[in-house]
Amino acid sequence: MRKVLVAALFTAVALSAQVKITQGKDKIDVTIDGKPYSTFYYGPEVPKPYLWPLRAPSGVEVTRSFPMEKVAGESMDHPHHRSVWFAHSAVNGFDYWNNEFSYEENPKVKGTMGHIFVTKVSKVQSGEKTGEIDETSEWKQPNGKVVLNEDRKMIFHAGGPNRVIDFDFVLTAKIDVKFGDAKDGVFGIRLASGLEEPGPKSIPEPKRTGLMINAQGCKTEAECWGKRSEWMDYSGIVEGQKVGVAIFDTPGNAGFPTYWHARGYGLFANNIFGRHEFTNKAEPDGSVTLKPGEQLHFRYRVVIHPGDAAEAHIAELYKDYANQYSARR
């Protein structure tokens with residue numbers, strides 16, 4: 001029965017379903033079933049590559065527009081939270097997470113930030129059921145020295161009832177590299193206003209209705225922040241529609257299951273390196289070091305769905321996803 005349910009929820013693809021990937025100047029557009037879905041932005045004008053926006057099948061945007069655009073009712077904190085990104089705040093002492101170019105105007109942080117630049121787009125492939133973007137980036141220190149090569153694959157799935165993206169990141173050290181124990185990392189999404197947790201300091205409109213929940217049933221930032229879990233989901237009301245976003249960690253990832261840097265104000269991120277900080281020093285230092293040529297490999301799945309985690313059967317979908325990788329080992 002479970003397999004039938006999972007198949008109905010994830011693999012049902014209309015015959016007309018199609019993912020179209022279109023290369024532009026320093027950006028790549030993704031449309032699904034003839035409708036805009038997302039755009040991958042990169043180039044010398046951005047501090048790190050990012051996807052913006054992410055949309056539900058209905059077209060509702062589930063990620064914040066700031067700082068790319070200013071939208072009434074959106075919070076404007078943390079400009080470095082660019083929709084969907086991959087980075088870390090402590091790599092050989094440099095910050096690739098809190099790294100907007102505008103921050104360099106502050107003499108206290110000038111010279112402390114690294115940046116991530118795409119050097120090659122090796123695949124832009126459309127398809128009836130999936131589309132794919134493959135690219136290579138360099139993580140550079142302020143002096144231009146390359147610390148890491150990042151090889152990334154993003155696979156976008158057509159069909160319904162959910163929108164699914166598979167992310168694959170391979171980091172290869174070019175020199176001795178240390179990922180320091182710090183909370184700001186690694187795979188991050190900044191969610192739309194309606195998915196933020198309600199609180200006394202919330203902007204009143206649009207109404208904040210978000211609820212986060214993890215695989216262990218913990219809810220809210222108070223229970224979920226800094227905890228390890230195989231998956232986490234954030235759901236609420238956006239433009240009158242009940243929608244949610246789930247991130248799946250993958251068996252075989254370094255540090256599985258990951259720690260979660262999930263905040264009520266809409267930050268939704270996982271980070272294996274913040275072990276010491278997330279546990280208030282109860283656990284050993286989470287730093288990871290690589291010698292030249294050594295690698296870290298991370299895979300994640302993002303599921304954008306109607307309803308909340310229970311209504312979308314996120315736990316069932318995760319079991320099916322995890323079993324695919326467990327069977328390979």
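Predicted model, so just to flag it, every value in this text is computed and none were measured. (Residues numbered from 1 in each chain as written. Predicted model: local features only at pLDDT ≥ 70, side-chain atom pairs only at ≥ 80, totals over all residues. Heavy atoms only, no water.)

### Some points on the packing of aromatic side chains
To be explicit about the condition: Paired rings are identified among Phe, Tyr and Trp, the last through its six-membered ring, by centres lying within 6.5 Å, and are further divided according to the angle between planes into stacked (under 30 degrees), edge-to-face (over 60) and tilted (the rest). Helix and strand definitions here come from DSSP, where helices need a minimum of 4 consecutive H or I residues and strands a minimum of 2 consecutive E residues; each element is numbered from the N-terminal end. Residue burial is assigned from relative accessible area. The probe radius is 1.4 Å, only protein chains are included, and a residue is buried under 20% of its type maximum, exposed over 50%, and partly exposed in between.
Using the criterion set out here, one finds 25 aromatic pairs in the structure. For the ring pair Phe86 and Trp139, a centre distance of 6.3 Å and an interplane angle of 80° mean the geometry is edge-to-face. Of the two residues, Phe86 sits in strand 5 (residues 84–88) while Trp139 sits in strand 7 (residues 130–140), which places them 53 residues apart along the sequence. Trp139 matches Phe86 in its accessibility class, with the two residues each being buried. Three or more aromatic residues link up through ring pairs in this structure, and these residues are Phe86, Tyr96, Trp139, Phe167, Phe169, Phe179, Phe187, Phe273, Phe298 and Tyr300.

### Some thoughts on the confidence of the model for the chain
Which entries qualify depends on this criterion: The quantity known as pLDDT measures the predictor's confidence residue by residue, on a range of 0 to 100. For this analysis, residues touch if any pair of their heavy atoms sits within 4.5 Å.
Across the chain, pLDDT averages 94, with 94% of residues at or above 70. Below pLDDT 50 for its whole length, residues 7–16 participates in 21 contacts with residues either more than four positions away or in separate chains.

### A short note on the side chain of Glu74
So the rule is basically this: Counted charges follow a simple rule, with Lys and Arg positive, Asp and Glu negative, and His plus the chain ends left uncounted. A side-chain nitrogen of Lys or Arg and a carboxyl oxygen of Asp or Glu constitute a salt bridge if their distance falls within 4 Å. For the purposes of these results, a polar contact is taken to be a pair of N or O atoms within 3.5 Å, where, inside protein, one atom must be able to donate a hydrogen and its partner to accept one; residues adjacent in sequence count only when each atom of the pair is a side-chain atom.
Tracing the backbone through its elements, the reader meets Glu74 in the loop between strand 4 (50–52) and strand 5. Buried within the structure, Glu74 lacks any salt-bridge partner; its nearest side chain of opposite charge belongs to Arg64, at an N-O separation of 5.1 Å. Among the polar contacts listed, one links the side chain of Glu74 to the backbone nitrogen of Phe66, at a separation of 3.0 Å. Ignoring anything within four residues of it in the chain, the contact list for Glu74 reads Arg64, Ser65, Phe66, Glu69, Ser193, Ile203 and Arg208.

### Description of helix 4 (residues 314–326)
Along an α-helix, a turn takes 3.6 residues, which lines up residues three or four apart on a common side. What counts here: What a helix should span is 1.5 Å times the count of its residues minus one.
Spanning 13 residues, helix 4 covers 18 Å between terminal C-alpha atoms, matching the ideal 18 Å at 1.5 Å per step. All of the buried residues in helix 4 are Ile314, Glu316, Leu317, Tyr318, Tyr321, Ala322 and Tyr325.

### A word on unusual backbone geometry
In this structure, Pro53 follows Trp52 across a cis peptide bond, with omega equal to -15°. Relative to the elements of secondary structure, Pro53 occurs in the loop between strand 4 and strand 5. Cis geometry marks the peptide bond from Gly160 to Pro161; its omega dihedral reads 10°. A positive phi is found at His78, a non-glycine position, where the angle reads about 45°.

### Some points on the side chain of Ser38
The topology assignment puts Ser38 in strand 3 (residues 35–41). Side-chain polar atoms of Ser38 contact the backbone oxygen of Pro53, separated by 2.6 Å. Excluding its chain neighbours within four sequence positions, the residues that come into contact with Ser38 are Ile28, Asp29, Val30, Leu51, Trp52, Pro53, Leu54 and Arg55.

### Description of the pairing of strand 1 (residues 19–24)
Formally: Here, strands pair whenever DSSP counts at least two bridges between them.
Direction of pairing for strand 1 relative to strand 2 (residues 27–32): antiparallel, over a ladder of six bridges. Across the sheet, residue Lys20 finds its bridge partner in strand 2, namely Thr31. The hairpin turn running from strand 1 into strand 2, its antiparallel successor, is two residues long, and Asp26 in that turn takes a positive phi close to 60°.

### Brief notes about the pattern of salt bridges
With the rule as written, the count across this model stands at 18 salt bridges. Arg275 serves as the salt-bridge partner of Glu283, at 3.0 Å between the closest nitrogen and oxygen. Judged by relative accessible area, Glu283 falls into the partly exposed class, the value being 30%. One network of salt bridges, with partners in common, ties together Arg64, Asp77 and Arg190.

### Regarding the state of the cysteines
Definition in use: Disulfide: a pair of cysteine sulfur atoms within 2.5 Å of each other.
Within the structure shown, the criterion is met by zero disulfides. Note on Cys218: no disulfide assigned, nearest cysteine sulfur contributed by Cys224 at a separation of 5.5 Å. Overall, Cys224 belongs to the buried group, its relative accessible area being 0%.

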